[in-house]
Amino acid sequence: MAIDPQFEDNREVVDEHEGHKVWGPVDEPEQLGIHGTHVAVDFDICLADGACLEDCPVDVFEWTDTPGHPESEIKADPVNEAQCIDCMLCVDVCPVDAIDVDPGRTDRV
Ligand code: SF4
């Protein structure tokens, strides 16, 4: 299962974390939702491969601890999504398609 690119239509903002939105549903620790809007990471798909952290040229991602989540106990958090230059590398390298990047999305929300 890949991240839903239409999540802004299909989900609601339920929280803020490190300056970005969190799109629910969230039921911690098993269900964590999507973090970010311009750069969106589905935490319920992310398995902490780390390719996005290594490859992002402007360091958008940092690890955040998610103890008790069934996929992985750390997640790639888009803490610096405002720095994104839309190169799409993270989308290409993610082995589980947990990331979607859309520069127009922030303005539509
Ligand atoms: S699209 Fe490029 S700049 Fe933006 S978060 Fe992904 S790797 Fe980083």
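Quick caveat: nothing in here was measured; it's all calculated off a predicted structure.

Cut-off values and rules
- Residues numbered from 1 in each chain as written.
- Predicted model: local features only at pLDDT ≥ 70, side-chain atom pairs only at ≥ 80, totals over all residues.
- Core = buried A, V, L, I, M, F, W, Y, C linked by C-beta atoms within 7 Å.
- Buried ≥ 20, exposed ≤ 12 C-beta atoms within 10 Å, placed from the backbone.
- Helix = DSSP H or I, 4+ residues; strand = E, 2+ residues; numbered from the N terminus.
- Contact = placed C-beta atoms within 7 Å.
- Near = placed C-beta within 6 Å.
- Nonpolar A, V, L, I, M, F, W, Y, C, P; charged D, E, K, R; others polar.
- UniProt positions renumbered as here; feature names shortened; annotations may be inferred.

By size, the foremost hydrophobic cluster in this structure holds 21 residues, and its most contacted members are Ile 34, Ala 40, Val 41, Cys 52, Cys 90, Ala 98 and Ile 99. Counting only elements with at least two residues in this core, the list comes to strand S2 (20–23), strand S4 (39–42) and strand S7 (99–101). The biggest single contributor to this core is S4, with 3 residues. With residues up to four places along the chain from it excluded, the contact list for Ile 99 reads Ile 3, Ala 40, Val 41, Cys 52, Cys 90, Val 91 and Cys 94.

With that settled, the discussion passes to the site of the ligand. Around the ligand, 14 residues are found, and the nearest of them are Cys 56, Val 60, Cys 84, Cys 87 and Cys 90. Split by residue class, the shell around the ligand holds 12 nonpolar, no polar and 2 charged.

Residues given the UniProt feature "binding site: Zn(2+)" (unreviewed entry) here are His 17, His 20, His 35 and Asp 77. In summary, the annotated positions, though distributed over 61 residues, converge in three dimensions, the widest C-alpha pair being only 9.4 Å. By C-beta crowding, His 17 is classed as partly exposed, having 16 other C-beta atoms within 10 Å. With near-sequence residues (within four places) excluded, His 17 lies in contact with Val 22 and His 35. Those residues in contact with Asp 77 that lie beyond four places of it in its chain are Glu 18, His 35, Val 41, Phe 61, Glu 62, Trp 63 and Thr 64.

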